[in-house]
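Breakdown of the fold
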Amino acid sequence: MKVSVFGAGNMGARIAEVFLKAGHAVTMIDIKEQFCEGGKKRIEGDLAGAVKRGKMTQEEMDAALANLTLSINRQDAAGSQFVMEVILERMDLKEDLLKDLDAILDKDCIIGTNTSALSITEIASAVPARAAKVIGVHFFNPAHIMKLVEVTRSMLTDDETFKTTYELMQTLGKTPIAVNEGAGFVVNRILIPMINEAIGIYADGIASPSDIDLAMQLGAGLRSGPLHTGDLVGHDVNLAIMETLYRESGDAKYRPHPLLKKMVRAGLLGQKTGKGFFTYDGPFGKEIPGGDLTIK
Ligand SMILES: NC(=O)c1ccc[n+]([C@@H]2O[C@H](COP(=O)([O-])OP(=O)(O)OC[C@H]3O[C@@H](n4cnc5c(N)ncnc54)[C@H](O)[C@@H]3O)[C@@H](O)[C@H]2O)c1
């Protein structure tokens, strides 16, 4: 089927990759050609790695890439049966995109939003005539590896949209769970405040970033420590999620830590900018050992 993915960034490219690997034709749409090309490079890198490890043949890789179309024109989503919105975590941008898509897409086309924490009902309300066909489809990072997808109904999502989306995720090799809307859904309501707390522990001078992560790996059984996970997600995204949790609940326990705000203002976003609580060999590069952040 024809799938369109809006956003070729950290998550969008890998979500496009998941659909390509399942044999779908994917149009990946961003606002600049260079962003589309960057996303395509990451897909090519992943697929080449899979071929090298014997998980995929060269022919399968070529067929998947032949199914990928890049675009900077929203109109190219026309004729899609499923659309994934994977753009920046901002309600105004998501609403603006959905309003345009409402005029471009067939009336039965489902729009899945990959929002990390925003209200699915609020996003859906931007397109009253299509609100029943809008649903939360929350993939995890890195989307080509992580199995979980939170399939989240808004107040307005119809049963058919939920069932179709849930079953589609299973055909992609994912494990969906059914979620009723609530800021941050299940995982991020637990995970992101934990990252925020780890930032506070570091800011209080209690331990180094490496030791905080080691503590949570060896003491709490986590596969990745909270600050490495924070660098992977991107601190701009972490901040947006904390702000949503705080705004929606009014509960002080979700207050974004001041250091998280400063990290974002400084462009220390984590892997995507090559520097966060740890240092990387350029954007999305390998971690450089001993590169813990030291705040002055
Ligand atoms: N980073 C994570 O770990 C993670 C995990 C799950 C969900 N999410 C969610 O996924 C979404 C994308 O996050 P990301 O980390 O990939 O961000 P990102 O900054 O890496 O990528 C966002 C991309 O969207 C593009 N974009 C912006 N406006 C657009 C528009 N109108 N049309 C098309 N493209 C547009 C940007 O140019 C950019 O390439 C957010 O809603 C985020 O909360 C992120």
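Residues numbered from 1 in each chain as written. Predicted model: local features only at pLDDT ≥ 70, side-chain atom pairs only at ≥ 80, totals over all residues. Heavy atoms only, no water.

Defined as follows: UniProt positions are given in the numbering used here, feature names are shortened, and annotations may be inferred rather than shown by experiment.
The name an unreviewed UniProt entry gives the chain is 3-hydroxybutyryl-CoA dehydrogenase, with Butyricicoccus intestinisimiae as the organism. Comment text from UniProt for the chain, heading Sequence similarities (unreviewed entry), reads "Belongs to the 3-hydroxyacyl-CoA dehydrogenase family."

1. Topic: the overall build of the chain
Applicable threshold: Under the DSSP-based scheme used, a helix requires at least four consecutive residues in state H or I and a strand at least two consecutive residues in state E, with every element numbered from the N terminus. Relative accessibility decides the category of a residue: with a 1.4 Å probe and only protein chains considered, values under 20% of the type maximum give buried, values over 50% give exposed, and everything between is partly exposed. In this analysis, two residues are considered to be in contact whenever any of their non-hydrogen atoms come within 4.5 Å of each other. Note that accessible areas follow from Shrake-Rupley with a 1.4 Å probe, and for residues the cover is restricted to the protein chains shown. Under the convention used here, Asp and Glu are negative, Lys and Arg are positive, and both His and the chain ends fall outside the count. Every charge is mapped onto a representative atom, which is NZ of Lys, CZ of Arg, CG of Asp or CD of Glu.
Helices and strands together make up the secondary structure of the chain, namely 11 helices and 8 strands. Its C-alpha atoms give the chain principal-axis dimensions of about 55 × 50 × 35 Å. Counting every position in the chain, which comprises 296 residues, the buried fraction comes to 49%. Long-range pairs, those at least 24 residues apart, make up 65% of the contacts in the chain between residues at least 6 apart in sequence. Surface exposure of the chain reaches about 13,900 Å², of which carbon and sulfur atoms provide 54%. Across the chain, the mean location of the 33 positive side-chain charges is 3 Å away from that of the 38 negative side-chain charges.

2. Observations regarding the nonpolar core
Put simply, the test is: In plain words, nonpolar cores are sets of buried Ala, Val, Leu, Ile, Met, Phe, Trp, Tyr and Cys residues tied together by side-chain atoms within 4.5 Å.
The biggest cluster of nonpolar side chains holds 34 residues, and the ones touching the most others in it are F19, I43, F82, M84, F139 and M169. Looking at this core, the element that brings in the most residues is helix α1 (residues 12-21), giving 6 residues. The residues touching M84, leaving out its near neighbours within four places in the chain, are S4, V5, F6, I15, F19, G112, T113, N114, V137 and F139. Counting 22 residues, the second largest nonpolar core, distinct from the first, contains L227, L260, M263 and Y280.

3. Digging into the packing of helix α7 (residues 187-203) against helix α9 (residues 226-233)
Between two packed helices, both the angle of their axes relative to each other and the distance between the axes serve to describe the pair. Here is the rule we go by: Between N-to-C directions, angles cover 0 to 180 degrees, with each direction set by a line fitted to C-alpha atoms, over the stretch in contact for helices. Any angle that falls under 35 degrees is termed roughly parallel, while one over 145 is termed roughly antiparallel, one within 65 to 115 roughly perpendicular, and all others oblique. Helix crossings fall into two classes, left-handed where the near helix is turned counterclockwise from the far one by less than a right angle and right-handed where it is turned clockwise.
Axis separation between α7 and α9 bottoms out at 9 Å; the angle between their running directions is 115 degrees. By the angle between their directions, the pair α7 and α9 is classed as roughly perpendicular. Viewed along their axes, α7 and α9 form a crossing whose handedness is left-handed. For the pair α7 and α9, contact is made by L191, M194, I195, A198 and I199 and by P226, L227, T229 and G230, respectively.

4. What about the site of the ligand?
Heads up, the rule is: Residues are labelled near a given molecule or strand when at least one of their non-hydrogen atoms is within 4 Å of it. N or O atoms closer than or at 3.5 Å make up a polar contact, with two conditions inside protein: a donor-capable atom paired with an acceptor-capable one, and, for residues adjacent in sequence, both atoms drawn from side chains.
In the vicinity of the ligand, 23 residues are found, and the nearest of them are M11, D30, E89, S116 and V233. Between D30 and the ligand, the recorded distance is 2.6 Å, taken from a side-chain N or O atom to an oxygen atom. For the ligand, a nitrogen atom lies 2.8 Å from a polar atom in the backbone of V233. Contact with the protein chains hides 91% of the accessible area of the ligand, taken as 830 Å² for the molecule alone.

5. A short note on the UniProt feature "domain: 3-hydroxyacyl-CoA dehydrogenase C-terminal" (unreviewed entry) in the chain
In the UniProt entry, the feature "domain: 3-hydroxyacyl-CoA dehydrogenase C-terminal" (unreviewed entry) is given for residues 184-280. In residues 184-280, helix accounts for 62% and strand for 0%; the two terminal C-alpha atoms are 28 Å from one another.

6. Side note on α1
The buried fraction of α1 is high, at 9 of 10 residues. For α1, every residue scored as buried is listed here: G12, A13, R14, I15, A16, E17, V18, F19 and L20. Where α1 terminates, the next one or two residues include G23, which has phi positive at roughly 95 degrees.

7. Points about the state of the cysteines
Where we set the bar: Cysteine sulfur pairs qualify as disulfides if the two atoms are within 2.5 Å.
Considering all chains together, one arrives at 0 disulfides under this definition. We note that C36 lacks a disulfide partner, and the nearest cysteine sulfur, in C109, lies 19 Å from it. Assessed through its relative accessible area of 2%, C36 is described here as buried. For C109, a relative accessible area of 2% translates into the label buried.

8. A closer look at the confidence of the model for the chain
Where we set the bar: One number per residue, pLDDT, summarises how confident the predictor is, and it ranges from 0 to 100.
The predicted model of the chain averages 97 in pLDDT, with 100% of residues at 70 or higher. Across the whole predicted complex the pTM is 0.92, and at the interface the ipTM reaches 0.98.

9. Overview of the pattern of salt bridges
Stated precisely, the cut-off is as follows: Every case where a carboxyl oxygen of Asp or Glu lies within 4 Å of a side-chain nitrogen of Lys or Arg is listed as a salt bridge.
All chains considered together, the criterion is met by 13 salt bridges. We note a salt bridge from E89 to K94, for which the minimum N-O separation is 3.9 Å. With a closest N to O distance of 3.8 Å, K107 and D108 form a salt bridge. Judged by its relative accessible area of 66%, K107 is exposed. A residue is classified by how much of its surface remains accessible, and D108, at 55% relative accessible area, is exposed.

10. Regarding the packing of aromatic side chains
Which entries qualify depends on this criterion: Between 30 and 60 degrees the pair is tilted, below 30 it is stacked and above 60 it is edge-to-face, where a pair is any two Phe, Tyr or Trp rings, Trp via its six-membered ring, whose centres lie within 6.5 Å.
In total, this model carries 3 aromatic pairs according to the counting rule given. For the ring pair Y202 and F277, a centre distance of 5.9 Å and an interplane angle of 90 degrees mean the geometry is edge-to-face. Here Y202 is found in helix α7, whereas its partner F277 is found in the segment after α11 (258-265), with 75 residues between them in sequence. For the pair Y202 and F277, a shared accessibility class is recorded, and that class is buried.

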